[in-house]
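# An overview of the molecular structure
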Amino acid sequence: MTAHTSSRPALRAGTMWPSLPGALRVRPLPREATTSYLTRLAAAYHLSAAQLLDGLHITATGTPAAPPATEIHLSNEAARRLSDFTRIPSAHLSRAPARQPPPAAIGTAHAAIARWQPVQPAMQPVPACTACTAHRSPHTAVPAWIHPAPKKLLSFRT
């Protein structure tokens with residue numbers, strides 16, 4: 001009889017499964033607002049977005065509110081920590097185009113900083129497709145908010 005080997009990681013005594021960072025997979029939607037993604041990610045762990053940021057040792061300033069009323073801007077270090085936690089490359093996490101420029105203190109900061117900013121009603125994201133949201137984050141039923149696709153100008157040749 002041959003010995004059976006498993007490709008799964010070895011478990012420590014007293015644990016049911018390996019605890020990896022970002023174990024619950026919540027993928028961002030294309031053009032999803034950062035606040036929306038953080039809210040959905042935090043909800044998968046039964047946390048608020050502010051608690052998730054605190055757990056990642058990211059200093060948040062400003063007044064947090066649910067999307068679409070606010071947006072959050074992350075420093076490069078904060079974005080790196082979020083990327084490490086979710087195991088999603090930074091390039092994929094930053095696909096949503098920022099509708100407002102980040103504050104100057106965020107763009108030049110070397111520390112892990114996040115800044116909540118209110119969003120003007122005309123610039124707010126719109127609700128995403130419910131089926132698309134459920135497909136990308138099966139652990140939570142929190143709605144997602146996306147930035148509308150840029151309008152393309154039609155040119156007619158005569």
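What comes next concerns the included structure. What you see is a predicted model; the values in this text were computed from it and never measured. (Residues numbered from 1 in each chain as written. Predicted model: local features only at pLDDT ≥ 70, side-chain atom pairs only at ≥ 80, totals over all residues. Heavy atoms only, no water.)

### Some words on helix 3 (residues 76-86)
Of all the positions in helix 3, only Glu77, Ala78, Leu82, Ser83, Phe85 and Thr86 are classed as buried. Where helix 3 is buried, its residues meet helix 1 (34-44), helix 2 (49-55), strand 2 (70-74), helix 4 (90-93) and strand 3 (113-118). In the segment just after helix 3, Arg87 is the residue with positive phi, at about 60 degrees. (Buried < 20%, exposed > 50% of the residue type's maximum accessible area, 1.4 Å probe, protein only. Helix = DSSP H or I, 4+ residues; strand = E, 2+ residues; numbered from the N terminus. Contact = heavy atoms within 4.5 Å.)

### Considerations on the side chain of Ser36
Here Ser36 shows up in helix 1. Here Ser36 falls in the buried class, since its relative accessible area comes to 0%. Within polar-contact distance, the side chain of Ser36 engages the backbone nitrogen of Trp145 at 2.8 Å. Look past the residues within four positions of Ser36 in its chain and what remains in contact with it is Pro67, Pro143, Ala144 and Trp145. (Polar contact = N/O pair within 3.5 Å; in protein donor to acceptor, adjacent residues only side chain to side chain.)

### Concerning the environment of Arg40
Residue placement: Arg40 occurs in helix 1. Sequence separation between Arg40 and Ala144 is 104 residues; the distance between their C-alpha atoms is 7.3 Å.

### So, the packing of helix 1 against helix 3
Interaxial distance between helix 1 and helix 3 falls to 13 Å at its minimum, and their mutual angle equals 40 degrees. It follows that helix 1 is oblique to helix 3 by the angle criterion. Relative to helix 3, the crossing made by helix 1 is left-handed. Where helix 1 abuts helix 3, its residues Tyr37, Leu38 and Leu41 lie against Leu82, Phe85 and Thr86. Counted by class, the contact of helix 1 with helix 3 contains 5 nonpolar, 1 polar and no charged residues. (Axes fitted to C-alpha atoms, helices over the stretch in contact; angles between N-to-C directions. Parallel < 35°, antiparallel > 145°, perpendicular 65-115°, else oblique. Left-handed = near helix turned anticlockwise from the far one by under 90°. Nonpolar A, V, L, I, M, F, W, Y, C, P; charged D, E, K, R; others polar.)

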